[in-house]
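# Residue-level structure breakdown
In case you want the letters, here they are:
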Amino acid sequence: MKPLRIAEIFGPTIQGEGALIGQPTVFVRAGGCDYRCSWCDSMHAVDSAFRDTWAAMQTAEVWAQVRALSGGRPLTVSISGGNPAIQDFGPLIATGRAEGYGFALETQGSVARDWFADLTLLVLSPKPPSSGETPDPAAFEACLAAAQGTRTVLKIVVFDDADYAWARNWAGRYPDLDLVLQPGNPEVDPDVPVAAQDVADRLLWLVDKVMADGWFRPRLLPQLHVLLWGNRRGV
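Attention here is on the structure that accompanies the text.

About the criteria used
Residues numbered from 1 in each chain as written. Predicted model: local features only at pLDDT ≥ 70, side-chain atom pairs only at ≥ 80, totals over all residues. Heavy atoms only, no water. Helix = DSSP H or I, 4+ residues; strand = E, 2+ residues; numbered from the N terminus. Buried < 20%, exposed > 50% of the residue type's maximum accessible area, 1.4 Å probe, protein only. Contact = heavy atoms within 4.5 Å. Lys, Arg positive; Asp, Glu negative; His and termini not counted. Charge placed at Lys NZ, Arg CZ, Asp CG, Glu CD. Axes fitted to C-alpha atoms, helices over the stretch in contact; angles between N-to-C directions. Parallel < 35°, antiparallel > 145°, perpendicular 65-115°, else oblique. Left-handed = near helix turned anticlockwise from the far one by under 90°. Nonpolar A, V, L, I, M, F, W, Y, C, P; charged D, E, K, R; others polar. Disulfide = S-S within 2.5 Å. Pairing = 2+ DSSP bridges. Core = buried A, V, L, I, M, F, W, Y, C linked by side-chain atoms within 4.5 Å. Salt bridge = Lys/Arg side-chain N within 4 Å of Asp/Glu carboxyl O.

In this section: the overall build of the protein chain. Helix and strand counts for the protein chain stand at six helices and nine strands. Reported as C-alpha extents along the three principal axes, the dimensions of the protein chain are approximately 50 × 40 × 35 Å. Out of the 235 residues belonging to the protein chain, those deemed buried represent 50%. Here the analysis covers contacts within the protein chain between residues at least 6 apart in sequence; of these, 73% occur between residues at least 24 apart. Separation of charge centres in the protein chain, based on 20 positive and 27 negative side chains, amounts to 4 Å.

Taken N-terminus to C-terminus, the directions of helix H1 (residues 59–70) and helix H2 (residues 90–98) make an angle of 45°; their axes are 9 Å apart at the nearest point. Of the possible angle classes, the one that applies to H1 and H2 is oblique. Handedness of the H1/H2 crossing: right-handed. Between H1, through Thr59, Val62 and Trp63, and H2, the contact on the second element is made entirely by Pro91, Leu92, Thr95 and Gly96. Looking at the contact of H1 with H2 residue by residue, the class counts come to four nonpolar, three polar and no charged.

Going through the model one piece at a time under the given rule, you end up with zero disulfides. Of all cysteine sulfurs, the one in Cys37 lies closest to Cys33, which takes part in no disulfide; the gap is 6.6 Å.

A word on the sheet that holds strand E5 (residues 102–107). The mixed open sheet is built from nine strands, whose spatial order is E3-E1-E2-E4-E5-E6-E7-E8-E9. Each having just a single partner strand, strand E3 (55–57) and strand E9 (219–220) make up the two edges of the open sheet. Note that strand E2 (residues 24–30) and strand E4 (residues 76–80) share five bridges and pair parallel. From the neighbouring strand, Val26 faces E4, where its bridge partner is Val77. Across the sheet, H1 lies against strand E1 (4–14), E2, E3, E4 and E5, angled at about 10° from E1, the strand it touches most. Running over the sheet, helix H5 (residues 196–213) touches strand E7 (151–158), strand E8 (178–183) and E9 and is turned about 135° from E8.

Let's shift gears to the nonpolar core. Counting 46 residues, the largest nonpolar core has Val62, Phe89, Phe103, Phe116, Ile156 and Leu181 as the members making the most contacts within it. Look past the residues within four positions of Phe89 in its chain and what remains in contact with it is Leu4, Ile6, Val28, Ala30, Ile79, Pro84 and Trp115. Among the nonpolar cores identified, the runner-up in size contains eight residues, and Ala19, Leu121, Val123 and Val180 belong to it.

Glancing now at the environment of Ala7. Positionally, Ala7 belongs in strand E1. Here the alpha-carbon distance between Ala7 and Trp54, two residues 47 residues apart in the chain, equals 4.6 Å. Excluding residues that lie within four positions of it along the chain, Ala7 makes contacts with Arg29, Ala30, Gly31, His44, Ala45, Thr53 and Trp54.

What follows deals with the pattern of salt bridges. Inspection of every chain in the model, using the stated rule, returns seven salt bridges. Note that Glu99 and Arg67 form a salt bridge whose closest N and O atoms lie 2.6 Å from each other. Of the two residues, Glu99 is situated in the loop between H2 and E5 and Arg67 in helix H1; the sequence distance between them amounts to 32 residues. Look at Glu99 and you get partly exposed, because its relative accessible area is 36%. Here Arg67 falls in the partly exposed class, since its relative accessible area comes to 38%. As a salt-bridge pair, Lys209 and Asp161 come within 3.1 Å of each other at their nearest N and O atoms. With a gap of 48 residues between them, Lys209 in helix H5 and Asp161 in helix H4 (residues 161–172) connect regions that are remote in the sequence.

Written out as structure tokens, the structure is:
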């Protein structure tokens, strides 16, 4: 079996964003991505320049680390990246589900996998204009189809007015999906402290936007991990 490219495995810690915010979680961060977002805060798991830092691991090795970190307790395992959908995490999910673990995966919706149907939660996070990327609606639809009965949440990061307008348009195509909006964090350097007031101000800006428009569908959430730890990795 082809080994998985793993940038880091860490936890338990709390999930810092999205539908499972605050939930105890073990993280498996995959190396490699088919996007190059302008504000990416995990370039160590995206850019091939960091390939030498990624571990080539068999599924059993990854699972052994997850199990050791969790102490054998069936926590939620969050698979992120990069874009984890470009690799085959199906066997890892099957192994963990057999032991009672839940699995959440976040992807931009550019690559569909049949094992999406085995997840506990699929977070589809298409990237807005500020990212410099252009989501493919057909690929996104294929991801939705692959998820079948899996709970699927739409999460959109918003940096500016153009992103906000785009989010309203994209979300309008999928009225049945739970929707999370999250203000973007422009500071991506892990060595630069993040001011809590700046995080709060960006969230308040987004709150004011949706309230003024009477757009009450989305759930607005901060990046809790940024508030607590800044951009440090492995927390």
